[in-house]
Amino acid sequence: MITDLLEASPYSVASADKKRLLLRGLQELTVYHQQNCLAYHQLFNEPVEPFTDISAVPFLTVPLFKQRPLKSIPVEQVFKVLTSSGTTGTVPSRIYLDADTAKLQSRVLVKIMQEWLGKQRLPMLIWDSPSVIKSRDSFTARGAGIQGLSFLGRHHTYALNDDMSLNIEAINTFFERFGSGPVFMFGFTFMVWKFGVQALKEQGLKFDFQNAVLIHSGGWKKLEDEAVTAETFNSKTEDQLGHVRVHNFYGMVEQVGSIFVACEEGHLHCPSYADVLVREPGNWQVVPEGNVGVLQVLSLLPKSYPGHSLLTEDRGRILGEDNCNCGRKGKYFEVLGRMEKVEARGCSDTFERTGAGQ
Amino acid sequence: MTVQVINPVTTKGQLAPFADSKALAYCKALSQALLTEPPAREHSDLMALGFWLRPANIERMLTPYKELKLRPLGHVFHAAPGNVDSLFVYSGILSVLCGNLNTIRLSDRAGGSAQVLCEVVQGLTAEHPEVSARFQIIRSPRDACELIQLQQQVDGRVLWGSDEGIQALRQRTIPAHARELTFANKLSFAVIDIDAVLQATPKELEQLASKFARDNLTFAQQACSSAKVVIWHGNLFNKEKAQDVFWLALSAFLTSEQGQGKYPLTESEHYRALNNAQDMVMSGLASQVKTCGGYIRMAVDSLHHALLGEHQGCGLFAELHTDKLNDLHSQLTPQHQTMSYWGLIENDVMDWLATCLVGVDRAVPIGNALDFNEVWDGVDLIRAFSRVVV
């Protein structure tokens, strides 16, 4: 049934149909992971009653992927391991993909991105340094993101040097060659802002791209600290780079297939194979549309590891379903940043971990 | 690296006799300040400290020791814990009452109530210079040269903290004669009698819930004496019924006018508890996670030693059953600190405790788990901070 959904546009399935397909898919995945992942079965060992609502799908907290290897495939079927350190510590999440899941992930990524980029593979300007993808064995989130999106573009050009300074020559060459036509730019939000837009401004450099799409992701935390809103980000980007349609997206390495792209209205949209719920911290019940809580993300893709239903550490709220002004179907929502971290208190008190090993 | 003294005085600290009148006056003044000054009144742990410092309580506590010939140890260095902001005052003040000079290093993590406490202590320096000079509170990097030098000259050292933290702090040498007390991470548990819960009146249940919440949800369940495990005692047949009744009463209390907002956990603390529970189930340590609003329940089959390191508090209760207290013997380790109990007869508990050769440092009724005793983790602090002259 995921294949049914893959045929259609990711934003064309209205809620009644989507619900039916999602419920069936998530049901199958839940049973599958119960049968194929021991740790998952240990946590959710009750036989699954047919789900009547998405909220009934059991969910894992995201840090579990840092705490233990979770996979539903034998080790010899592991095709690729995605890792991410996130911001919580130095231990990375490890996400195990088999060939099928990896293939599906790529397909879905293309499907979603084509909605925003068109079907043509466009010249691609990457707001990062080429070194970020060099170590191929261990994909970092940044490297994997760039790698994943690279095959949507051609003439890949890295806008930054290894020391994160602007590679003016490369940008110039790219602009001279492609600046008057449609181009695709990609980067991590903070990198684009700090080492791209701001660096250009500091050096008094402007480019007048005629028809660019900038896709960026990676969280607003650092920008919020500098009081940079999405509006500021978008308008300053246009100041330095010309006609750029800017689309933020939300996603996490722990859940393949969940790529939520912000539309022209600035709303993050669920594609047909993924969904979002908002839960209240503490009782963890689903809250009514519009209320702020912690985001749960669901996706039909994670089959090689039990990541189809995850409780994130991010706060957010649902803004609506099937009725966004942009015309796309599906739920749309906004992310309101991470939950406030408190100091780990515990008895780990007089000792500060940074001073370890002395 | 700098050492910042919170309550500096120009007077040089001098050793004093046991239960010196100036030290008693200091306790009284600190008690009054904590019980009357508005910022302190907002913190329940500071109120409890204020009560503990009342002259009558200090007198009651010191009286049994007056027949001993106690002399001060000398200069004592204390490394305060970060989980319970006000804990350092209890051991610090006992050492002051024993006549010692004290330097207390606050944890870098010392938060809300520690800040208020420091301000109160600052306010006492003008009127109590001699005692303030013996009760010097500092903030400093852990490895400040001054701190290392100071430890080379002390007569006693008190380390509160995690096991690894204590081991790290222990790397700093102290003189050969110096005494060292360590208070490492410990696990506490509550024992509730099944039939007693089923026979309790609604009023009694409400009181139980209120006391249980105070013991175990203050400081986000981070205090070592807060129970992380609930042991259901007695009739297995009625266990589930008693559990339902009890947890329902706790939920009702936490949403009642009296209990609402009293023990707030942050969003990320709630999240941490859920993740912690899921992680422990995946590792095979626990099962059956139930989220119940402000707290989470899960089942365990013993007081497994791994709980000490794994269980992170934040409103997470591991539950197990025992037919009788004697069945717990084989599960106890030196890391088991406070047993708080309800519905059991005090004499029975004390008789059982007499047979525990390993584990359990104190047994108190539910509601008193956070009370500070002068005997802590099996150490008589007053004797430990003194030389007993014969």
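Residues numbered from 1 in each chain as written. Chains lettered and ligands numbered in written order. Predicted model: local features only at pLDDT ≥ 70, side-chain atom pairs only at ≥ 80, totals over all residues.

With that settled, consider the overall build of chain A. Along the backbone of chain A there are 10 helices and 14 strands. Taking 2.2 N^0.38 as the reference for a compact globule, 358 residues should give roughly 21 Å; the C-alpha atoms of chain A span a radius of gyration of 21 Å, in line with that estimate. Pairs at least 24 residues apart make up 69% of the contacts formed inside chain A by residues separated by at least 6 positions. (Helix = DSSP H or I, 4+ residues; strand = E, 2+ residues; numbered from the N terminus. Rg over C-alpha atoms; globule rule 2.2 N^0.38 Å. Contact = placed C-beta atoms within 7 Å.)

A tally of regular secondary structure across chain B gives 16 helices and 17 strands. Against the compact-globule benchmark of 21 Å for 390 residues, chain B has a radius of gyration of 22 Å, which places it among compact chains. Overall, chain B is about 65 × 45 × 40 Å in size when its C-alpha atoms are taken along their principal axes. Split into buried and exposed, the 390 residues of chain B put 47% on the buried side. A separation threshold of at least 6 residues defines the contact pool for chain B, and within that pool the share at least 24 residues apart is 75%. (Buried ≥ 20, exposed ≤ 12 C-beta atoms within 10 Å, placed from the backbone.)

Residue and element names in this part refer to chain B. Relative to the assigned elements, serine 287 resides in strand E10 (residues 287–291). Sequence spacing of serine 287 and aspartate 163 is 124 residues, and the spatial spacing of their C-alpha atoms is 27 Å. Residue contacts for serine 287: discarding those within four places in its chain leaves Val281, Met298 and Ala299.

To continue, consider the domain arrangement of chain A. How big an interface is tends to be stated in terms of accessible area lost as the parts join. Partitioning chain A into domains gives domain 1 (1–97 + 266–340) and domain 2 (120–250). Centre-to-centre, using C-alpha coordinates, domain 1 of chain A lies 28 Å away from domain 2 of chain A. (Domains from an automatic or database assignment.)

Once that is clear, we can look at the pairing of E10(B). Residues and elements named next belong to chain B. One ladder, built from three bridges, connects E10 with strand E11 (residues 296–299); its direction is antiparallel. Opposite threonine 291, over in E11, you have isoleucine 296 as the bridge partner. What sits between E10 and E11 in their antiparallel hairpin is a turn of four residues, with glycine 293 showing a positive phi close to 90 degrees. (Pairing = 2+ DSSP bridges.)

As a further point, take the domain arrangement of chain B. Residue and element names in this part refer to chain B. Each assigned domain of chain B is listed with its residue range as follows: domain 1 (4–185) and domain 2 (187–365). Each side of the interface is counted separately: domain 1 has five residues, and domain 2 has six residues. Along the lines of polarity and charge, the residues of the side of domain 1 that touches domain 2 split into one nonpolar, three polar and one charged. (Nonpolar A, V, L, I, M, F, W, Y, C, P; charged D, E, K, R; others polar.)

A word on the nonpolar core. Ranked by internal contacts, the top residues of the largest apolar core, which has 198 residues, are Phe184(A), Met185(A), Phe186(A), Phe189(B), Ala190(B) and Ala277(B). With residues up to four places along the chain from it excluded, the contact list for Ala277(B) reads Ala286(B), Val289(B), Ile296(B), Met298(B) and Leu316(B). (Core = buried A, V, L, I, M, F, W, Y, C linked by C-beta atoms within 7 Å.)

To continue, consider the sheet that holds strand E5 (residues 135–139) of chain B. Residues and elements named next belong to chain B. Judged by pairing direction, the sheet is mixed, and its six strands sit side by side in the order E1-E5-E4-E3-E6-E7 without closing on themselves. If you trace the sheet from one side to the other, it starts and ends with strand E1 (4–5) and strand E7 (179–183), each paired once. Sheet analysis places strand E3 (residues 75–79) next to strand E6 (residues 156–160), joined by four bridges and oriented parallel. Among the inter-strand pairings, histidine 78 is bridged to a residue of E6, identified as valine 158.

Let us look at the interface of chain B and chain A. With 40 residues of chain B in contact, the opposing surface of chain A contributes 30 residues. Going through the elements one at a time, E6, helix H9 (163–169) and helix H13 (267–282) of chain B are the ones with two or more residues in the side of chain B that touches chain A. Considering every element that reaches the side of chain B that touches chain A, the biggest residue donor is H13(B), with 11 residues. Considered class by class, the residues forming the side of chain B that touches chain A number 13 nonpolar, 19 polar and eight charged.

Looking at chain B, the pLDDT average stands at 93 and 99% of residues meet or exceed 70. If you check the scores for this complex, the pTM reads 0.90 and the ipTM reads 0.90. (pLDDT = per-residue confidence, 0-100.)

As a further point, take the sheet that holds strand E14 (residues 362–365) of chain B. Residues and elements named next belong to chain B. With respect to topology, seven strands assemble into an open sheet ordered E10-E11-E12-E9-E8-E13-E14, the strand pairing being mixed. The open sheet terminates on both sides in strands that have one partner only, identified here as E10 and E14. Shown here is a sheet whose adjacent strand axes are inclined to one another by a mean of 25 degrees, direction ignored. Relative to E14, strand E13 (residues 336–342) runs parallel, the two sharing four bridges. In the strand pairing of E14, threonine 338 is matched with arginine 362. Of the strands in this sheet, E10, E11 and strand E12 (316–322) are in contact with H13, which crosses E11 at around 10 degrees. (Axes fitted to C-alpha atoms, helices over the stretch in contact; angles between N-to-C directions.)

What follows deals with the packing of helix H11 (residues 202–217) of chain B against helix H12 (residues 239–255) of chain B. All names here are of chain B. Where H11 contacts H12, the two axes come as close as 9 Å, and the packing angle between them is 70 degrees. Here H12 runs roughly perpendicular to H11, going by the angle between their axes. Contacts between H11 and H12 involve Leu205, Glu206, Leu208, Ala209, Ser210, Phe212 and Ala213 from the former and Val245, Ala249, Leu250, Ala252, Phe253 and Leu254 from the latter. Its residues assigned to classes, the contact of H11 with H12 shows 11 nonpolar, one polar and one charged. (Parallel < 35°, antiparallel > 145°, perpendicular 65-115°, else oblique.)

Our next topic: the packing of helix H8 (residues 189–202) of chain A against helix H10 (residues 230–241) of chain A. Residue and element names in this part refer to chain A. Relative to each other, H8 and H10 sit at 50 degrees, their axes nearing to 9 Å. Taken together, H8 and H10 sit at an angle that is classed as oblique. Crossing angle aside, the handedness with which H8 passes H10 is left-handed. Contacts between H8 and H10 involve Trp193, Val197, Leu200 and Lys201 from the first element and Phe233, Lys236, Thr237 and Gln240 from the second. Of the residues that constitute the contact of H8 with H10, the class distribution is four nonpolar, two polar and two charged. (Left-handed = near helix turned anticlockwise from the far one by under 90°.)

What follows is about the environment of Leu214(A). All names here are of chain A. Here leucine 214 shows up in strand E7 (residues 209–217). Along the primary structure leucine 214 and leucine 125 are separated by 89 residues, whereas in three dimensions their C-alpha atoms are 9.1 Å apart. In this structure leucine 214 touches Met185, Thr237, Val244 and Val246, once residues within four positions along its chain are discounted.

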